[in-house]
Every structure is written in structure tokens, then in C-alpha cells.
Amino acid sequence: MSMIVRRLSRAATAGLVAAAALTAAAHSAEAADTLGSAAAGQGRYFGTAVAASHLGESDYAATLDREFSSVTPENEMKWDATEPSRGSFTFTSADRIVDHAQSQGMDVRGHTLVWHSQLPSWVSPLGAQDLRTAMNAHINGLMGHYKGEIHSWDVVNEAFQDGGSGARRSSPFQDKLGDGFIEEAFRTARAADPAAKLCYNDYNTDGVNAKSNAVYDMVKDFKSRGVPIDCVGFQSHFNSNSPVPSDYRHNLQRFADLGVDVQITELDIEGSGSAQAADYTKVVEACLSVSRCTGMTVWGVTDKYSWRSGGTPLLFDGDYNEKPAYGAVLSALGGSGGPGDPGDPGDPGDGASCTATYTRTADWSSGYNGQVTITAGAEPISSWTATVTLPAQQSVSSLWNGTPTWSGNVMTVRPSWNGTLAAGASTSFGFTAAKNGSDAAPTVGTCTAS
Ligand code: 9MR
């Protein structure tokens, strides 16, 4: 009973939400100084993966609300999160994200209905007939709850193997139901919410290769037989082992030519500075040059919460500063107000930003040398300020390539000759400290720039 009430109330609010989305789009089309508004100017959405657990963090929510026009729940709509025991659906975390998105006029991508991973343990042991019933019930339960509220659903995720074979991946669905499970899932999904675009989503399918060829053949077959499929998602998780392919645009276009939309669904590119920015530019330009590429989603708001946080693959650093990649994406989308433009809403102090990181470069029994590296954010800076708090016993005997002032054990360091940095460029200052019995590391505070 409570689920029915919830469904009705979600449907009743959907009309209000659609009106809010229109207002937001109209407003942002004028400004075009954020990712969402610039993408809207190109007829696209610009989304991000979101985790419900971070929505309470004010900088996270502010960055999300300012920049993005679509959200994908990163984990909250997966099978283990929504139907942890058979027939018992829980939507609390997913609802939090959907409600937040709707209050901001953002669209929601649904991720994901049928996937071999993040399955609750009760699914795998089921026999074939029971598994088919459970799969369809799961699709109906999840899509029914959000009926009319999801612009695109990843109906089936990652059903093909890596490597050169182009074969299907082994999974309970594949192993027990055979190739037909994908078609069945799409047919069930169409009936469950006819307004939602139905996507097949995968990774390592971004260029032309055996895996993308296999997906291509499946989509072609679906289109020729009238199996309902509207879109293909290209996850686009890139790093040095898996760079942006040179035939990325060509690959998107050949799928579009089959009569489906294409979407970039989980974009992240490990790296930093201008090299990372250039790779992001390639991806955005590829999408914009394919008319059926309807939008892009990055797989997270900030590097610090990325599934690949060590690779700093996103557009905002851990302090929510815009990285050079942010400026590159905004400018590729035709937006203004990015690097160097006065009044950019994401830039503290009119765009200037920096980060500070500490390393110990030498160590001996009574002392050590520390080094703090200052890196400019998405635009050039002419000065920076970093604070370093030392353990109470320690004292600094000398400092180079910076100008310190002291307050107790907190030293505030400004440039000596090295205040001017290009976007993404770095400098460093160093110091020698006496341990006086404490070997603990100093703490580096937030870097500020002008
Ligand atoms: O980003 C997600 C991470 O928080 C989860 O731990 C992980 C579990 O499998 O899934 C991550 O998201 C994946 C997405 O759902 C499907 N494509 C690959 C993504 C990165 O692993």
C-alpha cells in the first residue's frame, strides 16, 4: 500500500517538475556560464553521477546545483540497493537524489536495471524460469516507481565481454536465459514506462573494436526486428591504458546511423592540467559533432569522491575548484565565464584558484626538509597564499622560494618571486624544520589565489 501511495505522489509532482525544468532551461540559456547552461545552448544535457550520501555537503550540493542539468544516481538505483530481498523494494536513497534533482529542475538518468554486478545474493541461485520472472518484476517495480520521471534508463549494463571475442559476458542472466534476456528486458522496460528512452550501456566500446562491433550488431538486429531500443550509452572511462580513441567520433556516428541516440554516460579521464583538458575537449567535440549525441554525463562531481580518485579524473578538484579540464569543457560547449572571464560563478576571487600539497623531501634524526607545491587551477594566477600548521614542538629555521609570516605555530606563506602561474602550472617553496622531539607532519591548509 505505501508503495502505491508513493507512486501516485511521485506521478502527481511530475507535472510541477517539468515546469520547473523549463524555467531553469530558459534562465540558463541566457547565461551560458555553467556546464548545464552551455550544453543547453547546444541542445544537450550535461550531467553528473551523484551519491545521496554527499548531498548534505554544502559545497557538493552548490557545485551540483550550479553546474549540472542531469543526474545519474551512482549506486542508489542498482538492484542491490533497490530490491535487497525479493519483492521488497526500497527507494529511500534513490528518492533523495530524484527529489533533489527535481527541486533544481534537473533531469534524471536511471542506472541500471539489469547488470551482473551489484546483484543481491538471492538472484544468482534462481532457476531459469524464476530468474526470468524476477528480472521482469525488478524492471516493473523500479521503472513503475519512477514512471514518467526518468529521461533515459540503462536497461542492460555491460553484457559483453572484454577482449577480442565480442562474446557475451557470463552472468546469471546470460548463463540461464541465453542471448534473449537483453531483448526481453527491453520489451518489459518499454511497457513499464513508454516515455523513457531505453539504452544499452557499456565500457570499452568507445572506439571501433570487437566489443563495440558486437554491440553494434545487436543494436542493428534489434532495430531490424522492432525490439524497442532508443539509445546506446558509451561509458567513456579513460586513462593512459585506455585513452580517448582516435575513432571515437566515428564510432558514435556509426551507432547513430543505426537510428538510435548516443549518450556519453560515465565520462572520466585520469590526469591533470592541460593534457587532461585536451582529452576532455576531444570528447565534448565528438559529441557535439554527432547530432544524435544528446548529452554527456561525468562520473562524479569532485575528484575526492571519484571511484578512481587517485587518478583525479573529474572537472572539479577535492576543494571544488574548477580544473583546467572544466574550462576546456565549458569553452568546447560554447560557454563563457570560464577561465579568465570576470564573474565566473565557480571561481573564488574572480576565477583564480590553487591547490597546495606537501611532501617531506629530506629527513634526519633532529629535523627534516618539507616542500609545498602550489598548482594553479583552471586559470592563470598572479599570487597565492598557503598556510602550514606545524606540530607545536617543531620550529622552522629557514624557508626558500616563499615569504612567511607567523602566528603561533601557523605559518602563512606568500610568493617571493614565484607568484605568477599559468593555468595548471606549479611552483613550490621549501623549508627546514627542527623536530624537537616530534616527527609528525605539518598540515597544509586551503590554498587561495588571486
Ligand atoms: O562508481 C561506482 C562505484 O561507487 C561502485 O563501487 C561501483 C561498484 O561496481 O560501481 C561504480 O560505477 C560503475 C557503474 O555503475 C557502471 N560502469 C562502471 C562504473 C565504475 O566502476
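Attention here is on the structure that accompanies the text. Because the structure is predicted, anything quoted here is derived from the model rather than measured. (Residues numbered from 1 in each chain as written. Predicted model: local features only at pLDDT ≥ 70, side-chain atom pairs only at ≥ 80, totals over all residues. Heavy atoms only, no water.)

Examined against the element boundaries, Gln 371 turns out to sit in strand 11 (residues 367–376). Given the relative accessible area of 27%, Gln 371 is considered partly exposed. With 60 residues separating them along the chain, Gln 371 and Phe 431 place their C-alpha atoms 6.5 Å apart. Every residue in contact with Gln 371, bar those within four places of it in the chain, is listed here: Thr 357, Tyr 358, Thr 359, Thr 361, Ser 428, Phe 429 and Gly 430. (Helix = DSSP H or I, 4+ residues; strand = E, 2+ residues; numbered from the N terminus. Buried < 20%, exposed > 50% of the residue type's maximum accessible area, 1.4 Å probe, protein only. Contact = heavy atoms within 4.5 Å.)

Moving on: the site of the ligand. The local shell around the ligand holds 14 residues, among which Glu 74, Lys 78, His 111, Glu 158 and Glu 266 are the closest. Grouping the amino acids of the shell around the ligand by side-chain chemistry returns 3 nonpolar, 7 polar and 4 charged. (Near = heavy atom within 4 Å. Nonpolar A, V, L, I, M, F, W, Y, C, P; charged D, E, K, R; others polar.)

So, on to the packing of aromatic side chains. Under the counting rule described, the total for this entry stands at 16 aromatic pairs. When the ring of Tyr 358 is compared with that of Phe 431, the centres are 6.4 Å apart and the planes differ by 25°; the resulting orientation is stacked. With Tyr 358 in strand 10 (residues 354–364) and Phe 431 in strand 16 (residues 426–434), this pair connects stretches of sequence that are 73 residues apart. Residue classification places Tyr 358 among the partly exposed residues on the basis of a relative accessible area of 21%. Through a chain of ring-to-ring contacts, three or more aromatic side chains come together here, namely Trp 79, Trp 122, Phe 173 and Phe 181. Positioned above the aromatic ring of Tyr 216 is the side chain of Arg 254, whose terminal nitrogen or guanidinium carbon lies 4.7 Å from the ring centre. Taking NZ or CZ as reference, Arg 360 lies 4.1 Å from the ring centre of Tyr 368, over its face. (Phe/Tyr/Trp six-rings, centres within 6.5 Å; stacked < 30°, edge-to-face > 60°. Lys NZ or Arg CZ within 6 Å of the ring centre and 35° of its normal.)

It is worth spelling out the pairing of strand 6 (residues 231–234) at this point. In the case of a regular strand, side chains alternate between the two sheet surfaces. Side-chain alternation along strand 6 places Cys 231 and Gly 233 on one buried face and Val 232 and Phe 234 on a second face that is also buried. In terms of strand pairing, strand 5 (residues 197–202) meets strand 6 through 4 bridges, oriented parallel. Pairing of Tyr 200 across the sheet is with Val 232, part of strand 6. The handedness of the strand 5 to strand 6 crossover, carried by helix 9 (residues 210–225), is right-handed. Note: strand 6 against strand 8 (residues 261–269), 4 bridges, orientation parallel. Paired with Gly 233 across the bridge in strand 8 is Gln 263. (Pairing = 2+ DSSP bridges. Right-handed = clockwise from strand over helix to strand, strands pointing away.)

Across the chain, the bulk of peptide bonds are trans and the bulk of non-glycine residues have phi less than zero. Following His 111, the chain continues to Thr 112 via a peptide bond in cis, the omega torsion being 0°. One can find Thr 112 in strand 3 (residues 107–115). A positive phi is found at Thr 312, a non-glycine position, where the angle reads about 40°. Looking at where Thr 312 falls in the secondary structure, it is placed in the loop between strand 9 (293–298) and helix 12 (324–332). Owing to a relative accessible area of 30%, Thr 312 belongs among the partly exposed residues under this scheme. With a phi angle near 45°, Asn 436 is a residue other than glycine that sits in the positive phi range. Along the polypeptide, Asn 436 turns up in the loop between strand 16 and strand 17 (443–444).

Across all of its chains, the model carries 3 disulfides by this definition. Across the disulfide, Cys 199 is cross-linked to Cys 231 (sulfur-sulfur distance 2.1 Å). Sign of the S-S torsion, about -85° for the bond between Cys 199 and Cys 231, identifies this disulfide as left-handed. Residue Cys 199 is found in strand 5, and its partner Cys 231 is found in strand 6; the two are separated by 32 residues along the sequence. Across this residue pair, the class does not change: Cys 199 and Cys 231 are buried. Disulfide connectivity for the protein, with bonded cysteines indexed by sequence position, reads 1-2, 3-4, 5-6. (Disulfide = S-S within 2.5 Å.)

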